[in-house]
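Now for the letters of each chain:
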Amino acid sequence: MNVAIYLPLLLALPLTLTAARLAARGTPGLIARGLTGSAFVAAVSSTWSLVLLALTLLDDLPPLSALDDHPTLELPEPVPGPVALLAALLLAWGAVRLVRDIHLRITTHRRLRAAGTPQDGLVVADWSAPLAVAVPGRPGHLLVTSGILRLLDTDERRVLFAHEHAHLAHRHHRLVALTGAAAAVNPLLIPVRTTVAYLVERWADEDAAAVVGDRGLTAKAVARAALATVGPGPKAALGMHGGAVVNRVRALIAPSPAPRRGRLLGPTLLAAGCLSATAVATAEFVALARAWL
Amino acid sequence: MGNAPAGRRARGSLESEVMGLLWGRSEPLTAADVQSAIGGDLAYNTVQTILIRLHEKNLVHRRKAGRGHVYWPVEDAATAAAKRMRAALADPVDRHAVLQQFAASLDEDDAATLRGLLQP
């Protein structure tokens, strides 16, 4: 009970370190799904490792010590006490972060939904700040400000609607929520969450470009909407940093990307590694618990 | 990559486009204005039907102008929506939950880069 149980805790690192580079090429949808899947597996296995480590604390509890069938049999200490204690603390911290993450997400979505009753899938807010949000739900709708509608011309508005509809159609909020939860329980995965948030925007950009049939127009609409947030006026207090928008516009000016399934090899291997290490660690834990009882 | 074939509009998106146009322009528009702005293969009668439907739903105002009507958006609901949207976004929100927005805040360097990219 040593290597296998610690491995899933570390396997999130290579994923984190390569996520941004993976996102640079290939179709965004494919990479976003792959990254989300492996982040989810990495988060589940690292949490399970922490659970197993923390469970080793139980043998010190009086009621369970009494159950010990072999008081004379000296079993090697499976995990040093301080490590098990640290695992328990990390587990508790992760649980708090997860609950907070889910709560905040639900509250935010509820408040955005409550902004207005959608008509034909659209709520307009008469506000000069150039904002547009896809509000998930059944069926989900768009919440856009009059500011962004006035800013864009008719063709650019079509890009905007297509972009936001793509978020709803592909249920991007699920990918974002999954990576958010993964990053909450395993903070090593925070950069993966950021990358997936960027990739779903890229994905929606590519979809919008396909719908309007014009990459240049899509690039222009994204850039104009972003440029409107510069200078005084109601700043978008939320949203991605500007560098991400620059990359999105660059990608739209370039030819449409080809799917590169090979890029998913790394994340897939990592997820498989996490799962195998978890299986081995669990088997070892069960064997140890049997021997001890 | 999209589920909907290119060129086909999602359900309700034509209505959204018309609403977007009425909000985007500062002056009331006739059905012919809307038709020429949205363009494409859109029939005048379709535009007329959409505008009448939007009026029945109390989403747009209209008044007589010449032989037809001019239309402009009803602001009450949008003002209320803006108030609630502002309030929702002013509080600590889950940044990642509302990341799904079109634009983002830029600093001057990014803005300069973007302007450069937009130059033909």
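Residues numbered from 1 in each chain as written. Chains lettered and ligands numbered in written order. Predicted model: local features only at pLDDT ≥ 70, side-chain atom pairs only at ≥ 80, totals over all residues.

Under an unreviewed UniProt entry, the name given to chain B is CopY family transcriptional regulator, and the source organism is Paractinoplanes ferrugineus. Recorded under Sequence similarities (unreviewed entry), the UniProt text for chain B is reproduced unchanged: "Belongs to the BlaI transcriptional regulatory family." (UniProt positions renumbered as here; feature names shortened; annotations may be inferred.)

Per an unreviewed UniProt entry, the recorded name for chain A is Peptidase M48 domain-containing protein, and the organism is Paractinoplanes ferrugineus.

*Asks:* Mind laying out the overall build of chain B, listing which residues take part and the relevant values?
*Replies:* Helices and strands together make up the secondary structure of chain B, namely five helices and three strands. Mapped in sequence order, the helices and strands of chain B form the string α-β-α-α-β-β-α-α. Here chain B holds 120 residues, and 37% of them are scored as buried. Pairs at least 24 apart in sequence give 40% of the contacts found in chain B among residues at least 6 apart. (Helix = DSSP H or I, 4+ residues; strand = E, 2+ residues; numbered from the N terminus. Buried ≥ 20, exposed ≤ 12 C-beta atoms within 10 Å, placed from the backbone. Contact = placed C-beta atoms within 7 Å.)

*Asks:* A description of the overall build of chain A should follow, citing residues and the corresponding values.
*Replies:* Along its length, chain A carries 12 helices and three strands. Buried positions account for 52% of the 293 residues belonging to chain A. Relative to all contacts within chain A whose residues are 6 or more apart in sequence, the contacts with residues 24 or more apart total 76%.

*Asks:* Explain unusual backbone geometry residue by residue, including any values.
*Replies:* Cis peptide bonds are those with omega within 30 degrees of zero, and the linkage from Arg138(A) to Pro139(A) qualifies with 5 degrees. For Pro139(A), the location among the structural elements is in the loop between strand E2 (132-135) and strand E3 (141-145). Located in the positive-phi region is Arg171(A), a residue other than glycine, with phi close to 50 degrees. Residue classification places Arg171(A) among the partly exposed residues on the basis of 13 C-beta atoms within 10 Å. Positive phi is not limited to glycine here, since Asn58(B) has a value of about 65 degrees. Take Asn58(B): it is sitting in the loop between helix H3 (44-56) and strand E2 (60-65).

*Asks:* Can you lay out the nonpolar core for me, pointing to particular residues and giving the numbers?
*Replies:* What tends to happen in soluble globular proteins is that the nonpolar side chains get buried as a cluster. Within the largest apolar cluster, 115 residues are counted, with the highest numbers of intra-cluster contacts made by Ala42(A), Val124(A), Ala125(A) and Leu143(A). If you tally residues by element for this core, the top one is helix H9 (residues 190-212) of chain A, at 13 residues. Two domains each provide a minimum of three residues to this core, namely domain 1 (13-73) and domain 2 (76-118) of chain B. Once you skip the residues sitting within four places of it in the chain, Ala42(A) turns out to touch Leu11(A), Ala12(A), Leu15(A), Ala182(A), Asn186(A), Leu189(A), Leu270(A), Ala271(A) and Cys274(A). (Core = buried A, V, L, I, M, F, W, Y, C linked by C-beta atoms within 7 Å. Domains from an automatic or database assignment.)

*Asks:* Just give me the short version of the sheet that holds E3(A), but keep the residues and values in it.
*Replies:* Read from one edge to the other, the open sheet built from three strands follows the order E1-E3-E2 (chain A), with strand pairing classed as mixed. A strand with exactly one partner marks an edge of an open sheet, and here the two such strands are strand E1 (122-125) and E2 of chain A. Direction aside, the axes of adjacent strands within the sheet are offset by 20 degrees on average. Two elements, E1(A) and E3(A), share four bridges in a ladder whose sense is parallel. Opposite Ala125(A), over in E3(A), you have Thr145(A) as the bridge partner. Taken strand by strand, helix H4 (residues 76-90) of chain B contacts E1 and E3 of chain A, and its axis lies near 80 degrees from that of E1(A). (Pairing = 2+ DSSP bridges. Axes fitted to C-alpha atoms, helices over the stretch in contact; angles between N-to-C directions.)

*Asks:* Lay out the pairing of strand E3 (residues 68-73) of chain B in plain terms, naming residues and giving numbers.
*Replies:* Residue and element names in this part refer to chain B. Relative to E3, strand E1 (residues 29-30) runs antiparallel, the two being bridged by two bridges. Bridging across to E3, Leu29 finds its partner in Tyr71. The pairing of E2 with E3 spans six bridges and is antiparallel. Paired with Ala65 across the bridge in E3 is Gly68.

*Asks:* Could you give an account of the environment of Val99(A), naming the residues involved and the relevant values?
*Replies:* Of note, Val99(A) is situated in helix H5 (residues 81-113). With 85 residues separating them in the primary sequence, Val99(A) and Ala184(A) have C-alpha atoms 8.7 Å apart.

*Asks:* Before we move on, could you go through the confidence of the model for chain A and cite the residues and values that matter?
*Replies:* The predicted model of chain A has a mean per-residue pLDDT of 85, with 87% of residues at 70 or higher. Counting interchain partners and residues more than four positions distant, the pLDDT-below-50 stretch residues 232-240 of chain A has 27 contacts. (pLDDT = per-residue confidence, 0-100.)

*Asks:* Tell me about the sheet that holds E2(B), and please be specific about residues and values.
*Replies:* Taken in spatial order, the three strands of this open sheet run E1-E3-E2 (chain B), and their pairing is antiparallel. Every other strand in the sheet has two partners, leaving E1 and E2 of chain B as the edge strands with one partner each.

*Asks:* Give a description of the UniProt feature "domain: Peptidase M48" (unreviewed entry) in chain A that names residues and reports values.
*Replies:* Cross-referencing UniProt, the feature "domain: Peptidase M48" (unreviewed entry) maps to residues 107-177 of chain A in the present numbering. Taken end to end, residues 107-177 of chain A is 49% helix and 18% strand, and its two terminal C-alpha atoms sit 13 Å from one another.

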